Amino acid sequence: EMKLSIKMMSTGLLDERQKTDALERAYNLKKQTLSLLPDAAKNVKKLQDIYTTTAKKLMQIGAEWEEHRKPLVSEIRALKASIGERKLACKSKVEQMKRMR
């Protein structure tokens, strides 16, 4: 019975620790958010700068991807065309063989 009581207390303690951790994270997030309020204009400017920089990087990465993508797409199209031509040639050969019988 004592072991059961200790086990229940351990479980309760673990639950309380998890609740405490969650409350501490929420508190720290709110504290950090509130610390940003006095310099709101400055922080908005920082966020705009970060957004602009990120957008430029994204555009650059998109352009680089297009440079890599174009030759690959061309190669795929050429291979598909080649396969189509081979299928057509095989089909015509099969038809020609049927006519020869």
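Numbering of residues starts from 1 in every chain and runs along the sequence as written. In view of the model being predicted, local features appear only for residues whose pLDDT reaches at least 70, and side-chain atom pairs are presented and counted only at 80 or more, with totals across whole chains, interfaces and linings using the full set of residues. Working from all heavy atoms in the structure, the side-chain values ignore hydrogens and water.

Novice: So, the overall build of the protein chain: which residues are in play, and what are the values?
Specialist: In this description a helix means any DSSP run of H or I spanning at least four residues, a strand means any run of E spanning at least two, and both kinds are numbered starting from the N terminus. Along the protein chain, the regular secondary structure elements total two helices and zero strands. Just to be clear, the radius of gyration here is over C-alpha atoms, and the globule rule we use is 2.2 Å times residues to the power 0.38. Scaling as 2.2 N^0.38, a compact globule of 101 residues should have a C-alpha radius of gyration of about 13 Å, whereas the protein chain reaches 34 Å, well beyond that. Across its three principal axes, the protein chain shows a C-alpha extent of roughly 95 × 60 × 15 Å. Three exposure classes are used, based on accessible area relative to the maximum for each residue type with a 1.4 Å probe and protein chains only: buried under 20%, partly exposed in between, and exposed over 50%. In the protein chain, buried positions account for 1% of the 101 residues. When charges are counted, neither His nor the chain ends are considered; positive counts come from Lys and Arg and negative counts from Asp and Glu. Working definition for charges: the position is that of NZ of Lys, CZ of Arg, CG of Asp or CD of Glu. Distance from the positive charge centre (23 side chains) to the negative charge centre (13 side chains) of the protein chain: 9 Å.

Novice: Outline the pattern of salt bridges, listing residues and values.
Specialist: Definition used for salt bridges: Asp or Glu carboxyl oxygen within 4 Å of a side-chain nitrogen of Lys or Arg. Overall, the coordinates contain three salt bridges when judged by the stated rule. Here Arg 69 and Glu 66 are joined by a salt bridge, their closest N and O atoms 3.3 Å apart. Of this pair, Arg 69 and Glu 66 both sit in helix 2 (residues 40-100), separated by three residues, roughly a single helical turn. When its relative accessible area of 34% is taken as the criterion, Arg 69 is described as partly exposed.

Novice: Got a sec to walk through helix 2? Specific residues and values, please.
Specialist: To estimate the expected span of a helix, subtract one from its residue number and multiply by 1.5 Å. Its 61 residues give helix 2 an end-to-end C-alpha distance of 86 Å, which sits within 8% of 90 Å, the value for a rise of 1.5 Å per residue. A maximum bend of about 30° is found in helix 2 at Arg 69, where proline Pro 71 lies one to four positions downstream. Across the chain, bend at a residue is computed as the angle between axes fitted to the seven residues ending at that point and the seven starting from it.

Novice: For the environment of Leu 34, give the residues involved together with the corresponding values.
Specialist: Along the chain, Leu 34 falls in helix 1 (residues 2-36). Along the chain, Leu 34 and Thr 52 lie 18 residues apart, while their C-alpha atoms are 25 Å from each other.

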